[in-house]
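Residue-level structure breakdown
Spelled out from the first residue to the last, the chains are:
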Amino acid sequence: IIINSVSYSNDQRVFFWLFYVLSISIISIIGAIKRFHDFNWNGWSSLWIVLLIALFPPVGIIIIGIIIGFIPGTIGANRFGDDPLGIFVEIAKIM
């Protein structure tokens, strides 16, 4: 079995690494903006989040993880659309 039969130059490694980092960053920013819309905040709020993480990396990441992961969004529709969990609220009302 030949393992690692392809060797890449340093330029190729840098290109792949930058492509990976940019891809993950863009996906993360889009996800954060969608989550901010759940809170009825605009996407520009993510700039404050990036600033918080840049200035205080460990604390910023923990705070953002708590906000995005555990705090529920607004109940019902907001200026960005209907509540994506609204169907579950309606089902709970019926039961």
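Residues numbered from 1 in each chain as written. Predicted model: local features only at pLDDT ≥ 70, side-chain atom pairs only at ≥ 80, totals over all residues. Heavy atoms only, no water.

The next thing to look at is the packing of helix α2 (residues 45–55) against helix α3 (residues 57–70). Between two packed helices, the angle of one axis relative to the other and the distance separating the axes together describe the packing. Two numbers describe how α2 lies on α3: the axes approach to 5 Å, and their chain directions differ by 140 degrees. Regarding the angle of α2 to α3, the classification is oblique. Where α2 abuts α3, its residues Ile 49, Leu 52, Ile 53, Ala 54 and Leu 55 lie against Pro 57, Gly 60, Ile 61, Ile 63 and Ile 64. (Axes fitted to C-alpha atoms, helices over the stretch in contact; angles between N-to-C directions. Helix = DSSP H or I, 4+ residues; strand = E, 2+ residues; numbered from the N terminus. Parallel < 35°, antiparallel > 145°, perpendicular 65-115°, else oblique. Contact = heavy atoms within 4.5 Å.)

Moving on to the confidence of the model for the protein chain. When pLDDT is averaged along the protein chain, the result is 78; 86% of the residues meet or exceed 70. Within the protein chain, helix α4 (residues 86–94) has the poorest average pLDDT of any element, 69, and helix α1 (residues 10–38) the best, 85. (pLDDT = per-residue confidence, 0-100.)

For the rest of this paragraph, the subject is α3. Between its terminal C-alpha atoms α3 stretches 19 Å, which fits the 20 Å expected from 14 residues at 1.5 Å a residue. Residues of α3 that are buried in the fold lie against α1 and α2. (Expected span 1.5 Å × (residues − 1).)

Here we come to the nonpolar core. Within the largest apolar cluster, 6 residues are counted, these being Ala 32, Phe 36, Phe 39, Ile 49, Ile 64 and Ile 67. Only α1 and α3 provide two or more residues apiece to this core. Ignoring anything within four residues of it in the chain, the contact list for Ile 64 reads Ile 49, Leu 52, Ile 53 and Gly 69. (Core = buried A, V, L, I, M, F, W, Y, C linked by side-chain atoms within 4.5 Å. Buried < 20%, exposed > 50% of the residue type's maximum accessible area, 1.4 Å probe, protein only.)

Positive phi, close to 70 degrees, is recorded for Asn 40, a residue that is not glycine. With respect to the element layout, Asn 40 can be found in the loop between α1 and α2.

Aromatic ring pairs are defined here through the distance separating the ring centres and the angle between the ring planes. Scanning the model with the defined rule gives 5 aromatic pairs in all. When the centroid spacing of 5.8 Å and the interplanar angle of 35 degrees are considered together, the rings of Trp 17 and Tyr 20 count as tilted. Here Trp 17 and its partner Tyr 20 are both found in helix α1, 3 residues apart, which amounts to about one turn of the helix. In this structure Tyr 20 comes out as partly exposed when scored by relative accessible area, which is 47%. (Phe/Tyr/Trp six-rings, centres within 6.5 Å; stacked < 30°, edge-to-face > 60°.)

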